[in-house]
Every structure is written in C-alpha cells, then in structure tokens.
Amino acid sequence: MILTFRISYRTQWGETIAVQLLDRDETIMLSTADGELWEGSYNLLEATPGETLRYRYRVFRDEECIRQERGTLPHSIRIPSKTEKQYKSLKEKAAGSDKMQVVVIASDAWRDLPIANYLFSSAFSGEFDVEASEPASSPRCSIVLRVVCPCLHQKGQVLGLVGETEALGEWQRPILFTEILPNHWQLDLDVYQLTGNCQYKFVAVDPANGTIEEWENGENRQLYVPQLDLGVHYAMPETELYMPSSTGKIAGTAVPVFSLRSEGSQGVGDFGDLKTLIDWAVKTGQRAIQILPINDTTMTGTWQDSYPYNSISIYAFHPMFVDLRAVGPLTDKEKEEKYQKKFRQLNALPQIDYEAVNKAKRDYLLLIFREKGEKVLKSKGYKEFYKKNEEWLLPYAAYSVLRDKYNTSAFKDWPEYSTYNEQEIKMLCRPEGPFYQNVCYYMYIQYLLHVQLLEASEYARKHSVIFKGDIPIGVSRTSVEAWVEPYYFNMNGQAGAPPDAFSTTGQNWGFPTYNWDVMKEDGYRWWKRRFSKMAEYFTCYRIDHILGFFRIWEIQGDSVQGMLGQFSPSLPMTPEEINSFGLNFQKDFMTKPFISDEILVRIFGEQADYVRNTFLTHSHYDIWSLRPEYRTQRAVLGWFEREGGRMHDAEKVRDGMYTLINNVLFIQDNKESGVYHPRITAYESLIFERLSHEEREAFMRLYNHYYFERHNHFWYEKAMEKLPQLLEAAPMLACGEDLGMVPDCVPWVMNELQIISLEIERMPKNPEHEIGHVWEYPLRSVCTIGTHDMSTFRGWWKEDSALTSRYYHNVMWRGGDVPAEAPGWVCEDVVKRHLESPSLLAILALQDWIGMDEKLRLPDADAERINVPANPRHYWRYRMHISLESLLRQDAFNEKVHNMINASNRI
C-alpha cells in the first residue's frame, strides 16, 4: 500500500518539507518541482487494515528542523480496510494489469492551530478514547472526507453528512462518519456511487436513532468528484467544523479551596466541599470553577505557611485539604467526639486559624493512619497510585520526615541528607528503617488527597463544569524540587515583579529563578511532568505570571524589595551604548546610592542625624555613603531585626534606608561585569532630580527604548522556545495571567498560541483608558472584576472616592451623588456588564457574586479580601461567611444569578 502526501507550502531557498509519522517514529522527505507543491510517498509494508496514522509536517534547513506544525491536533487518516490481495478479484478493472496497488493520496494544508483551538481542549471537548471498531469494507476507490470537529461527545452526538443526491441521503438520511481519533472524523465515499458533483452539509446526529439534531451554519458545500483509478483513495484536506451550539460562552466562580465553608468541614475548606460548590454552580447555570494553588506549603508550621504560591512541592497537595468526613471516624468514640468538638469550634470562626486547623487535622490523620493506614497501603488503588507517582512521592515523604526531624525546611541546614542522594533516601525509607512509618504516613495522606480531588474532578466533568487549577510561576527555595533537582534553579536569584499597581516598590517573592538553559537540554521535562500531573485533575489551568516564560524579574539575594531587580534574560547596555543616547555615563555617580544632606532630611526628617551616625560615612561636602556593613537591604533588615525594637519609628527608618539603597540610575548586570540596566522607575528617584533637563530627556529616551522596545523580539523567541512544547504536554485549556508590566511581545505570543488572556476592568491594557472597556475584550479571554490579589468590587469602591465618582458617572452612566458603599444594584450592574462581555469565560470571585445581595453578603467588605501583595507577610485566611449548604438554599438569589447568566447567553 502506497501512502502519498501532498501539501502546498511556499518555501525559501534551501528549505525542505518532511512528514513525521508520529506513531512510527519515521520521517518522510518530500520533493517539489516549483518550490510550492510538495509530494512524497511511503510504502506501508506493515500496515494494518483500518489503521489510523497521525502525522505532522515539518520544515528543514540543512538537516535541522526550523519549524513544525504546532498543537495537540495532528493530521490523521485511517487507511483503507481492503488490501492488495482483496483487490485481485477486481484486477480486470485495472486496465488488464496483473498487479494492483492500493494508493492513498493525503492532500493537506499546513495547520498550526485550529481557528478555535480552545474547543479541542479537555475543558470543552472532554477527555476520552475512541473505541477501536472493526473497520467496514472500504470502497474500491473513494473520496475520503476528513473533519476535525469538537464537542460532539459532550452532547452524545456523532458527525454526519447529508446531501442532495440519493447516495448522500437526499437531505434526509445522514451518512455517519467514523471517529478515528478524539474529535477526528472520517468518511470514505465510494466514487462509483456518486453520480457527479453535488451539494451537501455536515450535521450532528443522534447515533441511537439517526436523527439530525443540528445543522452547520453557512452555505451548502460543494463536492467535486474526481476521476480515480481503481484502488486509489483521495483524502481531501481536513475541514475544521464547529457546530453552532459548541461556540457558547461560559460563566463561573473563582474561590480558593481554603475559603470554602460547609456545615461539616473542619475549620477550612477541603476537597469534599468542592462537590457542593459544583452543585451550586450547576444550580445557577455556571460551567466553570476556578481555585488557587492547592500544593503543600508546610515549612514552619505557622500561619506564615498560609501563602499558597510558596509551595514545597509542585506535586504534593496540602494535607489540610483532606476531607476527614470521608476517612473517619476513629474507633475510640471519646477521642472522636473530642476532635469533632474541636472541629466545630474551628468551623465557627469567621476566618481560618491556620495553625490550630492544621495541628488538629494532622493529629487526627495520624490517629486514622494508625488505625486504617496499613489496610489502605495494601489496597490495589494505593499500589497503583504509588507506582505511578513514586518519582516524586518518595522524595516528598522523605523531605517531610526530615523537615519534622530537624525542625526546619531549610535542607541546607540539615546535619544529614542536606544534599539529595537517591540511594541514601531509599535506604532512609526502607521498610525495616526507623522512619518507615513516618514516610508511609505522608504518602498515605497524599493518596487520600489524590482520591478526593479526583472524585471532585470527575464530579465536575460529569456535570460539564470546567475545573480550573492554578500553576504558580515559582517554588520555594527550600522545596523538595530545589533539594532533589537543584540544577534546574538559580539559587542566588530571587523571582519577583517590578513596581506595578499591586506594589510601588515591586514584589520580591523569594523564589529561586529557573535555569532555563538546563531545562531546555532535556526538553523541559520538569515542566511537562508538572503540566501532565495537573491534567489528571483539571481541564483548565491558569499560568501564574505568564510573563515569567518571557523573562522574570530577578532580584539579587541581598535585596528585600523589588526595585533593584533586572529582567532575566535581557540585553544589558554598555557604557558606550548609554552614551549614544546623549547621557554621559558616570559609573560611581549613577550606579552607587546617591546620598546628600538634603535627601536625608527629606526621607528621615528628625531622624536624619541618627541615620548619619548609625549607617553612613561622610564622603565629601554634603555627600554621604553607606557603611560597608549596611550596603545591602538584607544587611539593613538584619540590623533592624536585632536593634529596631528599641527605636522610635523603626519601620519608617528601615524603609527609608531601603529607599537610599534604591537611589541609583543604573544597576550592574548580575552575570556580566561592565554592562548595565537602567533601574526600574528611576525617573521617580531622588537622584533623577539631580540630572539636568537635557540629561533627564536623554535618560528617558534610553529608558523607554530599554523597557519597551529593545527586548520584544528577543523575549518573543525565548517564550516560543518553551511555551509551544509545554502547551502540547496536556490537553487542558491554557489561560495566562498577563498582568503587570506587559511587553508588546506577550500578546503576540498569546495570540499565536491561542492562550486565553486575563481582562480586568480596573487594570486596563490600553494605556489611554483609566478603566477598561469591557465591551472591547477579546473572545479568547477570561474577564473578571478582580483577582485574589485585589480588593473585591465593594472594597475597591471605597478606596479612591474620585476614581469611584468617575466610574459611577462615566462608566455606569449614573447621575447624582455617589453612594458611599456599593449598593447591591451597583454590584449587579457590574456583574451584568461582565457577563455580557465578548469574553469566552466570565469567572467572577464568589464575593462579587454574593455582593449583589445586600442581605446575603458580608457587611464588612474589607474582611472579604484574600491577599494584599504589597505585604509579603500577609495572612491568607479569608473564609466565606455562609455555608455552601446555606448558599444552595438561597432560592431567590440563585434564581437571579441563573437568569442573569441565561440572559447573557452563557448557559
């Protein structure tokens, strides 16, 4: 059997087109006579009748692949079920030939991504395998129609074709396609039964009775019947098809798991509560649930571990999310009642008592493990879980045991095992070892969490609800991954964000930055494993700080704030290049903190003399310099931690010292000496005021070039090295958190890869807009009123009265006085506008949904805030003030939400 590939692709001199057979690991080089139409044949010596082949086209130059089709939707074709032997009886029809050969011609068009790629994700089309079926007898020669069409499985439908001729059903009797791969459909039409060119349409069919349930939109299609020799099967280029009902928009709710409250939870939301949340979503017509990261963050055992983006494992879930209702009760009734009383007390608190909740739940889990753990560890389900997850599970359990033993997560401070050694850890975890039960305890907890989250995930899929997870950009520098795989990280750097609307001094998250060069060497295996693990549970995911895949804001380890960071990777400037902008580069003046008497008085006031005597040394005239022992923010912080308790206004003086250290125009590159970066927002610094008018203009030309022009193509290439591979690692719908200082290349990449963007009214991407224009949002976007890093709408309403007034009059088009508190009707109007936006997904915070009902919502809007990014030591403890069961019983409110969603065509 000969398979011939044809594609029209205009190449440049020296380029060659090839076909990669994905299931056979073979590459077929094509040839061309005109540089545009490429063709090549492949002899299927070991073809199985009815076999489905998947393939992609690639472009080579000098034996190197320089481009290939992207995405999770390769070309496919099911080869005929007849073989050459079966055609022998028909050889007289082959013009007397003694030998007959089956030829399949696959005519294709280059395809990077489908027009509506999101519909092929597991969020919209689900996840399923096509059942292998006995192929029907193929026609003697045929036109092969190939269609990629999503979402039919979700509605229990199959693809059909109906046309004007008798062979095509006379517009009444549809001919059914065969689904050869998920969302890939094929129909072989016998050329000898077709009477000539004709019209047809694609339809969605109920396979049980053959009834047409939906017709495609648009004009009738034309089928042109070619002249084919016996045994030739001509496969037309694949058609992308989207039925009208598959293109609807969706509404949903965002809420952290820890914020959920049910009548039976134990002081914090858990995985069991997710199913009740899904019930509420279904009742109100919502089809999406979004949560924050759920990974284990246990480092200190204190409330400081409440920060969900500082995980100790990218795989392990936080033990506090175990639903104890599904694993208890204890056999000791007295102990059981004691714990249940404690849990009721914790559950009645308005906020989470992180330390008390975690201690109580872990103590209870330890008792349950001692009673039931051995049986669970012998179960088939656990053994399968362990086998599949051993690579990360065993190191995580060993890490947790050692953290407890040495009372610190800083593995570098452990007296033993500070450097990970696989064989030593296996010895530590051996069954006859003293720590075996402790190791099993942690693996037991992870198995419970896996089972419970999987149940919630399957419950969401069953009810056609998108389950959206969150992939943090960083991991803790004392995480399991940093211990086991340190070569993937730059431990000297700290990841963060430059100054933005969340924090005027930038954000220092403290995470190590990634060693992308090392990750690239193994094809980004670390990230692909991470995405693949997420796909076990979620159908959609949020890429936290997607800008980090272009460049990350890297801060030296001796800095506390984010002002002295630099983008990595980046293109620093030489002194000669700086001079070329008309600014005379002066290294000492421009790269060392500029401190004068005037500046000291402006920053410290009456404390200026104390600062001079304690932290500074006199240079000349009115100029001062930092003492060597206080030249970094970490050194200053250390002093205030030791001595600051005894001085007045210690925090103000400390922050003033940070400002002094930040008072530079340029920062030397972290990796290469003699090249520099303009300090972020240096135009707002005190040293900038010392420049002449001409120097300021020159600096601003340089600054705008550096931050808004210089890196766009460079960062585009860096992102395109990583993101296409990672997106193909899992079938989930990818959403990017593209907020902050966004370079122009970010929307280039997100549009090219069809990553869903994030749109927030109060963080407009158009610099000319004070408030975002909701009606201008792109289809491929998630719109929301605010994120977990922001105040709720009701909280925002009170933050800036002048801005609120402009919003009330110019956005909402309301007259009269502005209400001091956002009334329910205002909140409802805002929700309504977001639901009516063009965005594919409108996912609103639970607090903003409830804010529409003045009787139902929490009176104190400030208590609804989840995080304050400007405070790196914020306590994440928000919890919904009513139970999910109570929310389900709010019939009038739920009906209102349902009607609003229905009216916006998001049902």
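In case you missed it, the structure is sitting above this.
Residues numbered from 1 in each chain as written. Predicted model: local features only at pLDDT ≥ 70, side-chain atom pairs only at ≥ 80, totals over all residues. Heavy atoms only, no water.

The secondary structure content of the chain amounts to 26 helices and 38 strands. For 907 residues, the compact-globule estimate of 2.2 N^0.38 gives 29 Å, and the C-alpha radius of gyration of the chain, at 32 Å, lies within 12% of that figure. Across the 907 residues that make up the chain, the buried fraction comes to 57%. Long-range pairs, those at least 24 residues apart, make up 73% of the contacts in the chain between residues at least 6 apart in sequence. Accessible area for the chain stands at about 39500 Å²; split by element, carbon and sulfur atoms hold 48% of it. The average position of the 100 basic charges and that of the 125 acidic charges among the side chains of the chain differ by 4 Å. (Helix = DSSP H or I, 4+ residues; strand = E, 2+ residues; numbered from the N terminus. Rg over C-alpha atoms; globule rule 2.2 N^0.38 Å. Buried < 20%, exposed > 50% of the residue type's maximum accessible area, 1.4 Å probe, protein only. Contact = heavy atoms within 4.5 Å. Areas by Shrake-Rupley, 256 points an atom, 1.4 Å probe, with all protein chains shown as cover. Lys, Arg positive; Asp, Glu negative; His and termini not counted. Charge placed at Lys NZ, Arg CZ, Asp CG, Glu CD.)

Before going further, it helps to spend a moment on helix H22 (residues 801-811). Buried within H22 are the following residues: Leu803, Thr804, Tyr807 and Tyr808. End-on view of H22: buried residues confined to an arc of 135°, all on one side of the axis. Against the buried residues of H22 lie helix H21 (793-797) and helix H23 (824-835). Between the side-chain oxygen of the N-cap and the backbone nitrogen of alanine 802 there are 3.2 Å, and the N-cap of H22 in question is aspartate 800. Just downstream of H22 lies tryptophan 813, where phi reads positive at about 55°. (Arc of directions from axis to C-beta. Polar contact = N/O pair within 3.5 Å; in protein donor to acceptor, adjacent residues only side chain to side chain.)

Our focus in this paragraph is the sheet that holds strand E28 (residues 552-556). Adjacent strands of a sheet form backbone hydrogen bonds with each other and so pair up, either parallel or antiparallel. Reading across the sheet, the 4 strands line up as E25-E24-E28-E29 and stay open at both edges, with antiparallel pairing between neighbours. The sheet terminates laterally at strand E25 (507-508) and strand E29 (566-568), the two strands that pair on one side only. For strand E24 (residues 493-497) and E28, the ladder comprises 4 bridges, and the chain directions are antiparallel. Each residue of the ladder has a partner; that of alanine 495, found in E28, is glutamate 554. (Pairing = 2+ DSSP bridges.)

Remark: H23 packs on helix H26 (residues 891-903), axes separated minimally by 9 Å, with the N-to-C direction vectors making an angle of 35°. Of the two elements, H23 crosses H26, and the hand of that crossing is right-handed. Contacts from Glu828, Val831, Lys832 and Leu835 in H23 reach Lys896, Met900 and Ile901 in H26. Split into classes, the residues belonging to the contact of H23 with H26 amount to 4 nonpolar, no polar and 3 charged. (Axes fitted to C-alpha atoms, helices over the stretch in contact; angles between N-to-C directions. Left-handed = near helix turned anticlockwise from the far one by under 90°. Nonpolar A, V, L, I, M, F, W, Y, C, P; charged D, E, K, R; others polar.)

Our focus in this paragraph is the side chain of aspartate 669. Counting through the fold element by element, aspartate 669 comes out in the loop between strand E33 (666-668) and strand E34 (676-678). At a separation of 3.0 Å, a polar atom in the side chain of aspartate 669 contacts the main-chain amide nitrogen of lysine 671. Within the structure, the side chain of aspartate 669 is placed 2.7 Å from the side chain of histidine 677, a separation counted as a polar contact. Those residues in contact with aspartate 669, other than ones at most four positions away along the chain, are Gln566, Pro572, Val675, Tyr676 and His677.

Spatially, E30-E32-E31 is the arrangement adopted by the 3 strands of the open sheet, whose pairing is antiparallel. Looking at strand neighbours, the two that pair on one side only are strand E30 (595-596) and strand E31 (616-620), the edges of this open sheet.

Right, let's get into the nonpolar core. Counting 213 residues, the largest nonpolar core has Leu274, Trp527, Phe666 and Phe793 as its most contacted members. No other element matches the 13 residues that helix H8 (residues 436-462) contributes to this core. Sequence-distant contacts of phenylalanine 793, defined by excluding residues within four places in its chain, comprise Arg762, Ile785, Tyr807, Ala822, Val826, Cys827, Val830 and Asp848. Ranked by size, the runner-up nonpolar core spans 31 residues in total, among them Val103, Leu187, Leu189 and Val205. (Core = buried A, V, L, I, M, F, W, Y, C linked by side-chain atoms within 4.5 Å.)

With that out of the way, let us pick up the pattern of salt bridges. By the definition in use, this model includes 55 salt bridges. Here arginine 70 makes a salt bridge to glutamate 752, at a shortest N to O gap of 3.1 Å. Highlighted residues: arginine 70 in the loop between strand E7 (64-68) and strand E8 (75-78) and glutamate 752 in helix H20 (residues 745-752), separated in sequence by 682 residues. Here glutamate 752 falls in the partly exposed class, since its relative accessible area comes to 32%. A single network of salt bridges, built from pairs that share partners, joins Asp270, Asp273, Asp323 and Arg325. (Salt bridge = Lys/Arg side-chain N within 4 Å of Asp/Glu carboxyl O.)

In this structure the tally under the stated criterion is 74 aromatic pairs. Their ring planes at 55° and their centres at 5.5 Å tell us that tyrosine 514 and tryptophan 526 sit as a pair that is tilted. Note that tyrosine 514 is positioned in strand E26 (residues 513-514) and tryptophan 526 in helix H11 (residues 525-535), a separation of 12 residues in sequence. What makes tyrosine 514 buried here is its relative accessible area of 10%. Taken together, the ring pairs connect Trp553, Phe567, Phe585, Phe666, Tyr676, Tyr683, Phe688, Phe699, Tyr703, Tyr706, Tyr707 and Trp715 into an aromatic cluster. Here arginine 551 stacks its cationic end above the ring of tryptophan 715, 5.2 Å away from the centre of that ring. Its guanidinium or amino end placed over the ring of tryptophan 516, lysine 722 lies 4.7 Å from that ring's centre, counting from NZ or CZ. (Phe/Tyr/Trp six-rings, centres within 6.5 Å; stacked < 30°, edge-to-face > 60°. Lys NZ or Arg CZ within 6 Å of the ring centre and 35° of its normal.)

On to the pairing of E28. In terms of burial, E28 is a largely internal element, 4 of the 5 residues being buried. Sheet topology places E28 next to E29; 3 bridges connect them, and they run antiparallel. Bridging from a neighbouring strand, tryptophan 553 pairs with phenylalanine 567 of E29.

Below, the discussion takes up unusual backbone geometry. Cis geometry is adopted by the peptide bond preceding proline 329, which originates at glycine 328 and carries an omega value of 0°. With respect to the helices, strands and loops of the structure, proline 329 is situated in the loop between strand E21 (288-290) and helix H4 (333-348). The omega torsion across serine 568 and proline 569 is -5°, close enough to zero to call that bond cis. In this fold, proline 569 is placed in the loop between E29 and helix H12 (575-579). In the Ramachandran plot, tyrosine 417 falls in the positive-phi region, its phi being about 65° despite a non-glycine side chain. Structurally, tyrosine 417 can be placed in the loop between helix H6 (380-406) and helix H7 (422-428). Unlike most non-glycine residues, serine 464 shows phi in positive territory, near 55°. Here serine 464 is to be found in the loop between H8 and strand E22 (466-471).

Glancing now at the packing of H22 against H23. Contact geometry of H22 with H23 gives a least axis separation of 13 Å together with a crossing angle of 65°. Where H22 crosses over H23, the handedness of that crossing is left-handed. Of the residues in H23, those in contact with Tyr807, Tyr808 and Val811 of H22 are Trp825, Val826, Val830 and Arg833.

Here the focus is the pairing of E22. Regular strands place their side chains on alternate faces of the sheet. Burial analysis of E22 places 6 of its 6 residues in the buried class, which makes it a mostly covered element. Of the two faces of E22, both are covered, the one formed by Ile466, Lys468 and Asp470 as well as the one formed by Phe467, Gly469 and Ile471. Two elements, E21 and E22, share 3 bridges in a ladder whose sense is parallel. Paired with isoleucine 289 across the two strands is phenylalanine 467, which belongs to E22. In terms of strand pairing, E22 meets strand E27 (residues 540-543) through 4 bridges, oriented parallel.

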